[in-house]
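Notes for the structure review
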Amino acid sequence: MTEIDILSRSLKDFLTSKMLKISLVPLIVTMILIYSLFFAAADFGITALQQAAEASQNGEEVIVDENAPFYFVWATYLVVFLFKYSFTSWIAGFLLYTIGSIIVLQASVILTLVVIGFLTPMILGIVHKRHYSHITLHGHGSLLSPLWVLFKSSFMMILLFILLIPVYFVPVLNIIAFALPLYYFFHKLLNYDVASTLLSEEEYKKIYKKEANAFRGRTLFLYLVSMIPFITLFTAVFYIIYLGHAYFVKLDKMYEFEVPDINNKSEKKKEEVKLLEDK
């Protein structure tokens, strides 16, 4: 089966009524979480920063709460400085909206991946029953395994963000440097959710050892799709279906040679019986 066939089959499965209904779950949950986080941040930080900016523009003294976190104090003084002059005020406003939009976009992707992880067994169970019921699944991992992968991936993503700070000031390269940690998190979480649901550890090692680059290419394609603003809220189920089909195809291919061997033995047995009868 070619990659186009896998994509086509995945899209057909995604557009079924059952899958579209499941797609509403990450959409609703993620939107609620994003709005909750946004309003929580607005109540404490954004409103205070806006007040500081207005006070700076009006020539009033800006008072910062001493009990506020250190990063908030720094941000306040930075905003006061930037909004003090009209030119820097325009630049600061543009940057705040741009960076804020990027953060919200990436946060929506991360939250959606976490939510869809709980639905992965259900989604792949439907795909298995519909197309690959002849394959026996041997999922691996425990209840704590996804949490460990989530923690480890989050830690590595934050570490990469810190290590790549110098590159953020280099044009063009800063785009790649900013996307790399997020793609790492995206790949690790999505790939683990699907593989641990379908494959045993031994099966996963055999398939991924040979097909690692192919699966990285697939998750990179899905990551680029997810960069379209908020599309992941609607298409996260498709990501699971697409990777699921890719693993199912490889798993089916890995065991397909067992059946011909059995058939050959049966044919040989029939030939031997026929020869005995002729004698």
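To be clear, the structure that these remarks concern was listed above.
Residues numbered from 1 in each chain as written. Predicted model: local features only at pLDDT ≥ 70, side-chain atom pairs only at ≥ 80, totals over all residues. Heavy atoms only, no water.

Assigned secondary structure in the protein consists of 9 helices and 0 strands. For the protein, the α and β elements follow one another from N to C terminus as α-α-α-α-α-α-α-α-α. When the 279 residues of the protein are sorted by exposure, 35% land in the buried category. Residue pairs at least 24 apart in sequence account for 79% of intrachain contacts in the protein once pairs closer than 6 positions are excluded. (Helix = DSSP H or I, 4+ residues; strand = E, 2+ residues; numbered from the N terminus. Buried < 20%, exposed > 50% of the residue type's maximum accessible area, 1.4 Å probe, protein only. Contact = heavy atoms within 4.5 Å.)

Looking now at the packing of helix 5 (residues 145–163) against helix 6 (residues 173–198). Here helix 5 crosses helix 6 at 170 degrees, and the two axes come no closer than 8 Å. On the basis of their axis angle, the class for helix 5 and helix 6 is roughly antiparallel. Taking contact as the criterion, the partners of Ser145, Pro146, Val149, Leu150, Ser153, Ser154, Met156, Met157, Leu160 and Phe161 in helix 5 are, on helix 6, Phe178, Pro181, Leu182, Tyr184, Phe185, Lys188, Leu189 and Tyr192. Of the residues assigned to the contact of helix 5 with helix 6, the class counts are 14 nonpolar, 3 polar and 1 charged. (Axes fitted to C-alpha atoms, helices over the stretch in contact; angles between N-to-C directions. Parallel < 35°, antiparallel > 145°, perpendicular 65-115°, else oblique. Nonpolar A, V, L, I, M, F, W, Y, C, P; charged D, E, K, R; others polar.)

The end-to-end C-alpha distance of helix 8 (residues 232–255), which contains 24 residues, comes to 34 Å, matching closely the 34 Å that a straight helix rising 1.5 Å per residue would cover. Counting buried positions along helix 8 yields 18 of 24 residues, so the element is predominantly enclosed. (Expected span 1.5 Å × (residues − 1).)

On to helix 1 (residues 3–14). With 12 residues, helix 1 should cover 16 Å at 1.5 Å per step; its first-to-last C-alpha distance of 16 Å lies within 8% of that length. If you check which residues of helix 1 are buried, you get Ile6, Ser10, Asp13 and Phe14. The arc enclosing the buried residues of helix 1, seen along the axis, measures out at 95 degrees, which places them on a common side. Among the exposed residues of helix 1, those oriented more than 90 degrees off its buried face are Ile4 and Lys12. (Arc of directions from axis to C-beta.)

Before going further, it helps to spend a moment on the nonpolar core. Soluble globular proteins tend to pack their nonpolar side chains together in the buried interior. Judged by nonpolar contacts, the single largest core of 45 residues is most densely connected at Ile123, Phe186, Leu190, Leu222, Val237 and Tyr247. For this core, the secondary structure elements donating two or more residues are helix 1, helix 2 (17–57), helix 4 (86–131), helix 5, helix 6, helix 7 (201–226) and helix 8. Here the element with the most residues in this core is helix 8; it accounts for 13 residues. Setting aside residues no more than four positions away along its own chain, Phe186 makes contact with Val109, Leu113, Thr219, Leu222, Tyr223, Ser226 and Tyr239. (Core = buried A, V, L, I, M, F, W, Y, C linked by side-chain atoms within 4.5 Å.)

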